[in-house]
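Structure at a glance
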Amino acid sequence: MASQHLSLKKCCEACENSLSKISRYGLHGGARYLSHYYPACPQPELTIGINKHSDGDFITVLLQDHIGGLQVLHHNQWIDVPPKPGSLVLISNDKYISVEHRVLANKVGPRISVACFFSTGASPSSKLYGPIAELLSEDKKGSPVH
Ligand SMILES: O=C(O)CCC(=O)C(=O)O
Ligand SMILES: [Fe+2]
């Protein structure tokens, strides 16, 4: 793999860092990692990397390499989420419903990303969860919807 591509090891190390922060909310028990490899596509306009979807977990922490292609749907318009070296993307809005997003196919790839999905885990629990205060906008702090 070319040296400019993030190695899977680096991706996982980065996710572990954010994992330790999120663990204080008790969400680490259900952390699942998903690695994506998008090969270069000679005709990206004819296909898509990942179709429009929203993630079903509490929050997704995503590490993407330098290629780009991630887009979020905002007011019915696809907005690019350009890669920033060393940064992680948090896919959530403040109601715990993940924004709809997709990944475009690209000519210059391959593109690599690692998603870390946080949820309460597979085993049933009686623990009550609420919104993460830091992720709520000011007007929602006093009256969380969920
Ligand atoms: O590869 C990406 O940038 C996004 C991956 C994604 O949306 C997912 O795994 O749910
Ligand atoms: Fe996703």
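Conventions adopted
Residues numbered from 1 in each chain as written. Chains lettered and ligands numbered in written order. Predicted model: local features only at pLDDT ≥ 70, side-chain atom pairs only at ≥ 80, totals over all residues. Heavy atoms only, no water. Helix = DSSP H or I, 4+ residues; strand = E, 2+ residues; numbered from the N terminus. Buried < 20%, exposed > 50% of the residue type's maximum accessible area, 1.4 Å probe, protein only. Contact = heavy atoms within 4.5 Å. Areas by Shrake-Rupley, 256 points an atom, 1.4 Å probe, with all protein chains shown as cover. Donors = N, O, S within 2.8 Å, 3.2 Å for Na, K, Ca; no water. Pairing = 2+ DSSP bridges. Axes fitted to C-alpha atoms, helices over the stretch in contact; angles between N-to-C directions. Near = heavy atom within 4 Å. Polar contact = N/O pair within 3.5 Å; in protein donor to acceptor, adjacent residues only side chain to side chain. Core = buried A, V, L, I, M, F, W, Y, C linked by side-chain atoms within 4.5 Å. Lys, Arg positive; Asp, Glu negative; His and termini not counted. Salt bridge = Lys/Arg side-chain N within 4 Å of Asp/Glu carboxyl O.

So, on to the overall build of the protein. Along the protein, the regular secondary structure elements total one helix and eight strands. Reading the secondary structure of the protein in the N-to-C direction produces α-β-β-β-β-β-β-β-β. The buried share of the protein, taken over its 146 residues, is 34%. Here the contacts in the protein between residues at least 6 apart in sequence split such that 82% fall between residues at least 24 apart. When the accessible surface of the protein is totalled, it reaches about 8,900 Å², and 56% of it is carbon and sulfur.

Next up on the list: the coordination of the iron ion (ligand 2). Every protein donor of the iron ion (ligand 2) is listed here as His53 (NE2), Asp55 (OD) and His101 (NE2), and their distances to the metal cover 2.1 to 2.3 Å. The sequence pattern describing where the donors of the iron ion (ligand 2) fall on their chain is H-x1-D-x45-H.

Okay, the sheet that holds strand S4 (residues 70-74) next. The antiparallel open sheet is built from four strands, whose spatial order is S2-S7-S4-S5. Each edge of the open sheet is held by one strand with a lone partner, namely strand S2 (50-53) and strand S5 (77-80). When the angles between neighbouring strand axes are averaged without regard to direction, this sheet yields 25°. Alignment of S2 against strand S7 (residues 101-103), held across two bridges, turns out to be antiparallel. Directly across from Ile50, in S7, lies its bridge partner Val103.

Moving on to the site of ligand 1. Around ligand 1, a shell composed of 14 residues is seen, among which His36, Tyr38, His101, Arg111 and Ser113 lie nearest. Residue His53 places a side-chain N or O atom 3.0 Å away from an oxygen atom belonging to ligand 1. Note that an oxygen atom of ligand 1 is positioned 3.1 Å from one of the side-chain N or O atoms of Asp55. Its free accessible area being 300 Å², ligand 1 has 97% of it covered by the protein chains. For the shell around ligand 1, the secondary-structure elements that each account for two or more residues are strand S1 (32-38), S2, S7 and strand S8 (111-118). Top element by residues in the shell around ligand 1 is S8. It accounts for four residues.

Let's shift gears to the nonpolar core. In terms of nonpolar packing, the biggest core is built from seven residues, these being Tyr38, Leu62, Leu70, Val81, Val89, Val103 and Ala115. Core analysis: the next-biggest nonpolar cluster, separate from the first, contains six residues, Ala31, Ile59, Val61 and Cys116 among them.

What follows covers the side chain of Asp55. In this structure, Asp55 sits in the loop between S2 and strand S3 (59-64). No salt bridge is formed by the buried Asp55, whose closest oppositely charged neighbour, Arg111, lies at an N-O distance of 11 Å. A polar atom in the side chain of Asp55 sits 2.8 Å from the side chain of Thr60. At 3.4 Å, the side chain of Asp55 and the side chain of His101 are in polar contact.

The subject of this paragraph is the pattern of salt bridges. For side chains bearing opposite charge, pairing can occur when the charged atoms are close. Under the defined criterion, the tally for this structure stands at one salt bridge. A salt bridge links Lys52 to Glu100; its shortest N-O distance comes to 4.0 Å. Taken together, the residues Lys52 in strand S2 and Glu100 in the loop between strand S6 (89-91) and S7 connect sequence positions 48 residues apart. Its relative accessible area of 47% is what places Lys52 among the partly exposed residues. Overall, Glu100 belongs to the partly exposed group, its relative accessible area being 33%.

Coordinates in, geometry out; function isn't part of it.
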